[in-house]
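Structural description and commentary
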Amino acid sequence: DWCERHKIVRPMVITLREAKHWPQRNSRVLNWLRFAGYLRSSGYQPIFVRDTETVDSPLSGELTCRLAATEIGIRLALYEAAKCNFFVSNGPAALALYSTVPYLAFFATNVEGYLPGSAYWMRAHNGFGPGEQMPWARPDQRIVWDIDSYRAIMRGWQAIKPNLMEG
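Rules and cut-offs
- Residues numbered from 1 in each chain as written.
- Predicted model: local features only at pLDDT ≥ 70, side-chain atom pairs only at ≥ 80, totals over all residues.
- Heavy atoms only, no water.
- Helix = DSSP H or I, 4+ residues; strand = E, 2+ residues; numbered from the N terminus.
- Rg over C-alpha atoms; globule rule 2.2 N^0.38 Å.
- Buried < 20%, exposed > 50% of the residue type's maximum accessible area, 1.4 Å probe, protein only.
- Contact = heavy atoms within 4.5 Å.
- Pairing = 2+ DSSP bridges.
- Axes fitted to C-alpha atoms, helices over the stretch in contact; angles between N-to-C directions.
- 1 Å grid on protein atoms, 1.4 Å probe; cavity = no way out; pocket = protein on both sides within 12 Å on 5 of 7 lines; lining within 4 Å.
- Points joined across faces, edges and corners; volume = space filled by probe spheres on them.
- Nonpolar A, V, L, I, M, F, W, Y, C, P; charged D, E, K, R; others polar.
- Polar contact = N/O pair within 3.5 Å; in protein donor to acceptor, adjacent residues only side chain to side chain.
- Salt bridge = Lys/Arg side-chain N within 4 Å of Asp/Glu carboxyl O.

What follows is about the overall build of the protein chain. Across its full length, the protein chain carries 7 helices and 5 strands. Taking 2.2 N^0.38 as the reference for a compact globule, 167 residues should give roughly 15 Å; the C-alpha atoms of the protein chain span a radius of gyration of 15 Å, in line with that estimate. Dimensions along the principal axes, computed over C-alpha positions, put the protein chain at roughly 45 × 35 × 30 Å. Counting across all 167 residues of the protein chain, residues that qualify as buried make up 49%. Across the protein chain, contacts joining residues at least 24 apart in sequence account for 59% of those joining residues at least 6 apart.

Pasting the structure below:
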């Protein structure tokens, strides 16, 4: 098991979107690096799962799990081992939204040039929109309807942290 080999228990898994198509939807990587530093200083172990387009690029000395970026079974196993998973609106976030893993996902509905991310499209095609959660979401599963600014990440983290299991 990858976590055991790296002596990691209950990691904080940050999944990045770093694609060339619709780059306006990408993760704000500097904010996530800053948040990873905060997590480390708080005694947690952040692990990054990079986009498949950037999987072989170093990430400022951060621990990354290459296998999770390329193998869906390993990705989901890592998400299941995590104390919390962090996403922007992307394909891998759906693994969390439709599972029992704890997550904090950032869905911005004002992404220029991307109609499927709009509040209108979300409601018309997904049946829910800004301010709402998946009907089956538990207290440790939250969508933050905002961009992944450092301030929004920290606000989301402070809100979900009391709902996460200890360990």
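This brings us to the pairing of strand β3 (residues 84–88). For β3, the tally of buried residues reaches 5 of 5 residues, placing the bulk of the element in the interior. Where burial is concerned, the two faces of β3 agree: the one with Cys84, Phe86 and Val88 and the one with Asn85 and Phe87 are both buried. As judged from the 3 bridges shared by strand β1 (residues 12–15) and β3, these two strands associate in the parallel manner. Residue Met12 lies in a different strand from β3, and its bridge partner there is Cys84. Where β3 lies against strand β4 (residues 103–106), 4 bridges are found, and the strand directions are parallel. Across the sheet, Phe87 pairs through a bridge with Ala105, a residue of β4.

The strand order across the open sheet built from 5 strands is β2-β1-β3-β4-β5, with neighbouring strands paired in parallel fashion. Of all strands in the sheet, those with a lone pairing partner are β2 (46–49) and β5 (141–144), marking the two edges. Here the strands of the sheet are splayed against their neighbours by 15° on average, with no regard to which way each runs. This element, helix α2 (residues 29–41), spans β1, β2, β3 and β4 of the sheet and lies at about 155° to β2.

Empty space within the largest pocket amounts to approximately 280 Å³. Only α5 (91–97) and α6 (119–126) provide two or more residues apiece to the lining of the largest pocket. Considering every element that reaches the lining of the largest pocket, the biggest residue donor is α5, with 4 residues. Its residues placed into classes, the lining of the largest pocket shows 12 nonpolar, 6 polar and 1 charged.

Turning to the side chain of Glu18, a few remarks are in order. Among the structural elements, Glu18 can be located in the loop between β1 and α2. Reaching out from Glu18, the side chain makes a polar contact with the side chain of Arg50 at a distance of 2.5 Å. Here Glu18 is in contact with Asn26, Val29, Arg50, Asp51, Glu53 and Thr54, once residues within four sequence places are set aside.

This part covers the pattern of salt bridges. Taken as a whole, this structure holds 7 salt bridges when the rule is applied. Residues Arg66 and Asp56 are paired through a salt bridge, measuring 2.7 Å at the closest nitrogen-oxygen approach. Note that Arg66 is positioned in helix α3 (residues 66–70) and Asp56 in the loop between β2 and α3, a separation of 10 residues in sequence. A relative accessible area of 59% means that Asp56 is categorised as exposed.

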